[in-house]
Amino acid sequence: MKPYVISNVGMSLDGKLATVTGDSRISCEEDLIRVHKIRAKVDAIMVGIGTVLKDDPRLTVHKIKADKNPIRIVVDSKLRIPLNARVLNNEAKTIIATTEKADKEKMKLLKERGVEVIVCGRDKVDLKELMKILYNKGIRSILLEGGGTLNWGMFKEGLVDEVSVYIAPMIFGGKDAVSYVDGEGFKTVEEAVKLKLKKFYRLGEGIVLEYVVLR
Ligand SMILES: NC(=O)C1=CN([C@@H]2O[C@H](COP(=O)(O)OP(=O)(O)OC[C@H]3O[C@@H](n4cnc5c(N)ncnc54)[C@H](O)[C@@H]3O)[C@@H](O)[C@H]2O)C=CC1
Ligand SMILES: Nc1nc(O)c(N)c(N[C@@H]2O[C@H](COP(=O)(O)O)[C@@H](O)[C@H]2O)n1
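Rules behind the numbers
Residues numbered from 1 in each chain as written. Chains lettered and ligands numbered in written order. Predicted model: local features only at pLDDT ≥ 70, side-chain atom pairs only at ≥ 80, totals over all residues. Heavy atoms only, no water. UniProt positions renumbered as here; feature names shortened; annotations may be inferred. Helix = DSSP H or I, 4+ residues; strand = E, 2+ residues; numbered from the N terminus. Rg over C-alpha atoms; globule rule 2.2 N^0.38 Å. Buried < 20%, exposed > 50% of the residue type's maximum accessible area, 1.4 Å probe, protein only. Contact = heavy atoms within 4.5 Å. Areas by Shrake-Rupley, 256 points an atom, 1.4 Å probe, with all protein chains shown as cover. Lys, Arg positive; Asp, Glu negative; His and termini not counted. Charge placed at Lys NZ, Arg CZ, Asp CG, Glu CD. Near = heavy atom within 4 Å. Polar contact = N/O pair within 3.5 Å; in protein donor to acceptor, adjacent residues only side chain to side chain. Nonpolar A, V, L, I, M, F, W, Y, C, P; charged D, E, K, R; others polar. Salt bridge = Lys/Arg side-chain N within 4 Å of Asp/Glu carboxyl O.

The protein is annotated in an unreviewed UniProt entry as 2,5-diamino-6-(ribosylamino)-4(3H)-pyrimidinone 5'-phosphate reductase from Methanocaldococcus villosus KIN24-T80. Regarding the protein, the UniProt comment filed under Sequence similarities (unreviewed entry) reads as follows: "Belongs to the HTP reductase family." In the Pathway (unreviewed entry) part of its UniProt record, the protein is described as follows: "Cofactor biosynthesis; riboflavin biosynthesis."

This brings us to the overall build of the protein. A count of helical and extended segments in the protein gives five helices and nine strands. Counted from the first residue to the last, the protein has its helices and strands arranged as β-α-β-α-β-β-α-β-α-β-α-β-β-β. In terms of overall size, the protein behaves like a compact globule, its C-alpha atoms giving a radius of gyration of 17 Å where 215 residues would be expected to give roughly 17 Å. Along the first, second and third principal axes, the C-alpha atoms of the protein reach 45 × 40 × 35 Å. Looking at the 215 residues of the protein, the share that counts as buried comes to 47%. Long-range contacts, defined as pairs at least 24 residues apart, comprise 67% of the intrachain contacts of the protein with a sequence gap of at least 6. When the accessible surface of the protein is summed, it comes to about 11,500 Å², and 53% of that surface belongs to carbon and sulfur atoms. Computed over 38 positive and 30 negative side-chain charges, the inter-centroid distance for the protein is 2 Å.

Mapped onto the fold, glycine 147 is located in the loop between strand 6 (141-144) and helix 5 (148-156). Its relative accessible area of 15% is what places glycine 147 among the buried residues. Along the backbone, glycine 147 and valine 115 are 32 residues apart, and their C-alpha atoms lie at a distance of 22 Å. Among residues more than four places away in sequence, those in contact with glycine 147 are Leu17, Gly48 and Thr51.

The next subject is the site of ligand 1. Of all residues adjacent to ligand 1, which total 25 residues, the nearest are Gly10, Thr51, Ser77, Thr149 and Leu150. At a separation of 2.8 Å, a nitrogen atom of ligand 1 approaches a polar backbone atom of glycine 10. Residue threonine 51 places a side-chain N or O atom 2.6 Å away from an oxygen atom belonging to ligand 1. In the complex, 85% of the free accessible area of ligand 1, which totals 870 Å², lies under the protein chains. Sorting the residues of the shell around ligand 1 by element identifies strand 1 (4-12), helix 2 (49-55) and helix 5 as the ones contributing at least two each. Looking at the shell around ligand 1, the element that brings in the most residues is helix 2, giving five residues. Within the shell around ligand 1, the residues separate by chemical class into 10 nonpolar, 11 polar and four charged.

Another point: the site of ligand 2. In the vicinity of ligand 2 there are 16 residues, among which Ser24, Ser27, Arg39, Arg58 and Leu59 approach most closely. Asparagine 8 is positioned with one of its side-chain polar atoms (N or O) 3.5 Å from a nitrogen atom of ligand 2. One of the backbone nitrogen or oxygen atoms of glutamate 145 is found 3.0 Å away from an oxygen atom of ligand 2. Considered on its own, ligand 2 offers 530 Å² of accessible surface; in the complex 84% of this is hidden by protein. For the shell around ligand 2, the elements supplying multiple residues, two or more each, are strand 1, helix 1 (29-41) and helix 2. A per-class count over the shell around ligand 2 returns five nonpolar, seven polar and four charged.

Let us now look at the pattern of salt bridges. For side chains of opposite charge, pairing can occur when their charged atoms come near one another. Overall, the coordinates contain 14 salt bridges when judged by the stated rule. Between glutamate 145 and arginine 39 there is a salt bridge whose closest N-O contact spans 2.7 Å. Remark: arginine 39 occurs in helix 1 and glutamate 145 occurs in the loop between strand 6 and helix 5; sequence separation between them is 106 residues. With relative accessibility at 18%, the residue glutamate 145 sits in the buried group. Glutamate 157 serves as the salt-bridge partner of lysine 128, at 3.7 Å between the closest nitrogen and oxygen. With lysine 128 in helix 4 (residues 127-136) and glutamate 157 in the loop between helix 5 and strand 7 (162-168), this residue pair connects regions lying 29 residues apart in the sequence.

What follows is the structure, encoded as structure tokens:
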């Protein structure tokens, strides 16, 4: 058993999550409110360490009123998270998923700060195993908020159930700009993750597309 995973991003029309310099201010205010409504409904929000290092996100519900914040999960193979990262503040519980390669001293420091550290995987976090562990901790729904590397890991392992994307009317270009799903990519169209469109609508200057993942 695994939690239900919703993948959400704000992207340019050419599928980028940020410009080549890492500027990721894509979503309009209306879209951020939409995302925070999803945040308020799920048990946890998950991001990769690349996103934490670039954006220093809070990963709380701060655009709308909410009774509580979801659990924050950071996937961080080498435990690179800075100890002053905002995701480690006391506004919500934080879980860091890491590997056997992680520095034991840093792990101790994080645990002393009240952060839960899950070790699963040798070089990279074993995402399938992580999902099982999180489910057994009572986490039934996760909002996956990127970035492109973690999104690939989750799609490749067949762990995403639903997709919602905000497409801003912008073109970023740049082969090195992070895209919605990076990684190695599937080799053939047969292997691609197939989706079924459920809903689409205008929001601010952009559009929102919602899909379910077909199995
Ligand atoms: N526009 C948007 O909606 C969003 C934009 N972003 C942007 O994306 C960029 C960050 O993306 P990335 O650099 O790709 O980093 P990422 O956030 O996807 O993190 C990648 C890290 O995840 C860890 N990881 C561990 N096990 C893994 C596994 N099995 N599979 C995949 N990853 C694993 C690795 O330590 C890897 O370095 C930033 O520029 C950020 O601003 C991020 C989220 C949303
Ligand atoms: N939906 C969406 N649209 C964008 O344009 C974005 N740049 C992001 N980024 C994600 O949101 C996180 C920031 O969260 P906080 O506001 O600090 O709580 C960021 O880290 C990305 O995961 N999302």
